[in-house]
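Next come the chains, spelled out residue by residue.
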Amino acid sequence: MEQISKSYGARKAVDGVSFKVQRGQTVGLIGPNGAGKSTTVGMICGLLRADGGRITLDGDVIGQGASAAKRKIGFVPQDLALYDDLSALENLKLFGALYGLSGAQLKERCTQALALVNLTDRAADAPASFSGGMKRRLNIAAALLHDPQLLILDEPTVGVDPQSRNAIFDTLEALQAQGRSLIYTSHYMEEVERLADHIVIIDHGKVLADETPAALYQRLPAQAALQVELAGEAPAALLSALQALDGVTGVERTEATLNIGLAASEHAAPVLAWLNGQGHALLHFSTARTSLENIFLNLTGRSLRD
Ligand code: ADP
C-alpha cells in the first residue's frame, strides 16, 4: 500500500501510510489504541474507502466492490460474527456459502479449516459453549474457507486468556507454514515479535518504523540491562565513572540499586568486575535482554499502553 490516507470528518485517522507485505511473510502492525490500525486494515480489505493512496495485491488495485484481488484476502475482525444457535460446523457452512462454496468443496474446506484451528472435536457444538479464544479460532476458520493468500487479523488476542492466546499463535504458525501472508495488528510488542518477519509501528496514523525485529533491536540504545544491588548507596562519582565505561549506554540509580544499560550482554561481566575492583560489595545482580517494547518509548517518548 502506498500513501494511504483516511479521515473521519476533520480527524485524520490514517495519514500517508505505506508498507509492503511480501508473499509468505507476516507483518505485525503495531501501535497504541487509536493509532489507525483498524482503519488501515479496513482499507486493505476494501471495507473502508481510502481518501487517497493506492492499495494493490499482486498488481491488482483493491477498491470498492467485489474483485479478484479481494477474494485473495481473508479478514478476521475484532468483533466476532458467529451465530450462537448454530453449531461450529453450521456456522462455517454458512460463511462458506457466502463465499459461493457448495457441495463437496464446501464440506472439505470446512473440515480443513476446523482441523487447522484445532476445533474438529467441537464441530457439532454451538459457539455459545466456547471460550473467547475458541470463538476467535472459529472466526479465523471462517476467514479461511475461500482459501485466501493473505489473512488479516485485527487484534486477535484481545479478551483472550493466555492459554487460548497460545492456541491462536499455534494456528497462525500453521498458516505461516502453509506459506500464507499475514497482517496482524496488536498493541502487544511481544506477540508481534514472536510472529512477524516485519514490524510496522504506527502512531497518530503515521508509520514510525518499518523493519525486521532484529533491525528494530539495533535501534535500541541498550540491548541488555544489568541490575546491581550494592551494600550501600552508590556515590554520584561512581555513576559518572560507570557511565564512561566501554559498552555502558546509561545508568540510573534507585537507592542501592543500579540499572545499567548495556550495548550488548557481553559487557555485563567486565562491568561487574570493575564494580568489584572499586570496592563495592554486590548483594545481588541480574541481567536481562531489553524488550522491544522499549522501542515505542524510544520513538515517541510514550509507552505503547497506558
Ligand atoms: P486503532 O485500530 O489503532 O485503535 P482506529 O483505526 O480504530 O485505531 O482509529 C484511528 C482513529 O480514528 C481514532 O482516533 C479513532 O477515534 C478514529 N475513528 C475510528 N473509527 C471511526 C469512525 N467510524 N468514526 C469516527 N472516528 C473514527
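Residues numbered from 1 in each chain as written. Predicted model: local features only at pLDDT ≥ 70, side-chain atom pairs only at ≥ 80, totals over all residues. Heavy atoms only, no water.

- In the annotation of an unreviewed UniProt entry, the entry for the chain reads ATP-binding cassette domain-containing protein, and the organism field reads Duganella alba.

A short note on the site of the ligand
Piece 1. Taken together, Y8, R11, A13, P32, N33, G34, A35, G36, K37, S38 and T39 make up the full set of residues adjacent to the ligand.
Piece 2. Contact distances for the ligand include 3.1 Å between an oxygen atom and a backbone N or O atom of A35.
Piece 3. Within the side chain of T39, a nitrogen or oxygen atom sits 2.5 Å from an oxygen atom of the ligand.
Piece 4. Summarising the interface, the protein chains cover 60% of the accessible area of the ligand, which totals 560 Å² for the free molecule.
Piece 5. Those elements giving two or more residues to the shell around the ligand turn out to be β2 (11-17) and α1 (37-44).
Piece 6. By residue number, the principal contributor to the shell around the ligand is α1, which donates three residues. (Near = heavy atom within 4 Å. Polar contact = N/O pair within 3.5 Å; in protein donor to acceptor, adjacent residues only side chain to side chain. Areas by Shrake-Rupley, 256 points an atom, 1.4 Å probe, with all protein chains shown as cover. Helix = DSSP H or I, 4+ residues; strand = E, 2+ residues; numbered from the N terminus.)

Here's the deal with helix α5 (residues 132-144)
Piece 1. Compared with the 18 Å implied by 1.5 Å per residue over 13 residues, the 19 Å span of α5 between its first and last C-alpha is a close match.
Piece 2. Of all the residues in α5, the buried ones are G133, M134, R136, R137, L138, N139, I140, A141, A142, A143 and L144.
Piece 3. On its buried face, α5 sits against β7 (73-76), α3 (88-98), α4 (103-116), β8 (150-154) and α6 (162-177). (Expected span 1.5 Å × (residues − 1). Buried < 20%, exposed > 50% of the residue type's maximum accessible area, 1.4 Å probe, protein only. Contact = heavy atoms within 4.5 Å.)

A look at the sheet that holds strand β9 (residues 181-186)
Hydrogen bonding along the main chain pairs the strands of a sheet, whether they run parallel or antiparallel.
Piece 1. The sheet built from six strands is open, its strands ordered β7-β8-β9-β3-β10-β11 with mixed pairing. What marks the edges here is a single partner per strand, and that holds for β7 and β11 (206-211). Across this sheet, the average inter-strand angle for adjacent strands is 15°, counted without regard to direction.
Piece 2. The pairing of strand β3 (residues 26-30) with β9 spans five bridges and is classified as parallel. What sits directly across from G28, in β9, is Y184.
Piece 3. Across the face of the sheet, α5 comes into contact with β7 and β8 while running at roughly 160° to β7.
Piece 4. Where helix α11 (residues 293-300) meets the sheet, it contacts β10 (198-203) and β11, and its direction lies at approximately 40° from that of β10. (Pairing = 2+ DSSP bridges. Axes fitted to C-alpha atoms, helices over the stretch in contact; angles between N-to-C directions.)

Observations concerning the environment of K6
Piece 1. Mapped onto the secondary structure, K6 falls in strand β1 (residues 2-8).
Piece 2. On the accessibility criterion, K6 (13% relative accessible area) is buried.
Piece 3. In this structure the C-alpha to C-alpha distance between K6 and V17, which are eleven residues apart in sequence, comes to 9.7 Å.
Piece 4. In contact with K6, other than residues within four places in its own chain, are R11, K12, A13, V14, T39, M43, R49 and D51.

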